[in-house]
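# Inside the fold
Residue-level listing of the chains:
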Amino acid sequence: MPRSRASTRLRSQPLEIFGHDAHALSRARERYGLDLCPSDLRHVIESVHRGDGEFICYQGQTRYLHEVVVQGSRCVVVYDPTEHRIRTFLPAIGDRSIPEYLEDLAKHFQWGDE
């Protein structure tokens, strides 16, 4: 099976920890107890591209919320398709329905394109 252009592009990007990677890595540790590295973020991005997990919703024009399994934990991530990166790890959905979860997020987070 041929490799997608997105997958090839991801592999060619350097594994430096930029500020936005540091934020996502910090939130993964804080909210899920995961000690991830930049290559782990790359795997999360590839999971999103493959359609693993569950697409939750669009948030603005540059944010997609996905629930994916990362090292055995069901995590909610914010994926930015314009920059091909994970912006952050959001709190877990838990037992809430998707509408309840999104309502709770709206109470605690301000959404908008930066």
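Quick note: structure is the one above.
The following paragraphs examine the structure supplied in this document. (Residues numbered from 1 in each chain as written. Predicted model: local features only at pLDDT ≥ 70, side-chain atom pairs only at ≥ 80, totals over all residues. Heavy atoms only, no water.)

### Quick look at the nonpolar core
Ranked by internal contacts, the top residues of the largest apolar core, which has 26 residues, are V70, I86 and F89. For this core, the secondary-structure elements that each account for two or more residues are α2 (19-32), α3 (38-50), β1 (54-58), β2 (64-70), β3 (73-80), β4 (85-90) and α4 (98-108). For this core, the element with the highest residue contribution is β3, accounting for 5 residues. Sequence-distant contacts of V70, defined by excluding residues within four places in its chain, comprise L34, L36, V44, C75 and F89. (Core = buried A, V, L, I, M, F, W, Y, C linked by side-chain atoms within 4.5 Å. Buried < 20%, exposed > 50% of the residue type's maximum accessible area, 1.4 Å probe, protein only. Helix = DSSP H or I, 4+ residues; strand = E, 2+ residues; numbered from the N terminus. Contact = heavy atoms within 4.5 Å.)

### Observations regarding the pattern of salt bridges
For the structure shown, the criterion picks out 8 salt bridges. With a closest N to O distance of 2.7 Å, R50 and D52 form a salt bridge. Between R85 and E83 there is a salt bridge, and its shortest N-O distance comes to 2.6 Å. (Salt bridge = Lys/Arg side-chain N within 4 Å of Asp/Glu carboxyl O.)

### What to know about the packing of aromatic side chains
On inspection of all chains with the given rule, the structure shows 4 aromatic pairs. Note on Y58 and Y64: the rings are 4.8 Å apart at their centroids and 85° apart in plane angle, and the pair reads as edge-to-face. Through pairs of rings, three or more aromatic residues link up here, namely F55, Y58 and Y64. (Phe/Tyr/Trp six-rings, centres within 6.5 Å; stacked < 30°, edge-to-face > 60°.)

### Details of the environment of P91
Note that P91 resides in the loop between β4 and α4. Through-space distance from the C-alpha of P91 to that of E30 is 9.3 Å; in sequence the pair is 61 residues apart. Setting aside anything within four residues of it in sequence, one finds P91 in contact with R31, Y32, V76, Y101, L105 and F109.

### Things to note about the pairing of β4
A large share of β4 lies buried, amounting to 6 of its 6 residues. As paired elements, β3 and β4 share 5 bridges and run antiparallel to each other. Paired with Y79 across the strands is I86, a residue of β4. In this antiparallel pair of consecutive strands, β3 and β4, the connection spans 4 residues, and H84 shows a positive phi of 50°. (Pairing = 2+ DSSP bridges.)

### Focus on the pairing of β2
Counting buried positions along β2 gives 5 out of 7 residues, so the element sits mostly inside the fold. Two successive antiparallel strands, β1 and β2, enclose a turn made up of 5 residues, where G60 displays a positive phi of approximately 75°. Relative to β3, β2 is paired through 7 bridges, and the arrangement is antiparallel. Looking at the pairing, V69 lines up with R74 of β3. Following β2, the chain reverses through 2 residues before pairing antiparallel with β3; Q71 in that reversal takes a positive phi of roughly 50°.

Note that every value here comes from positions in space, so none of it alone points to a role or purpose.
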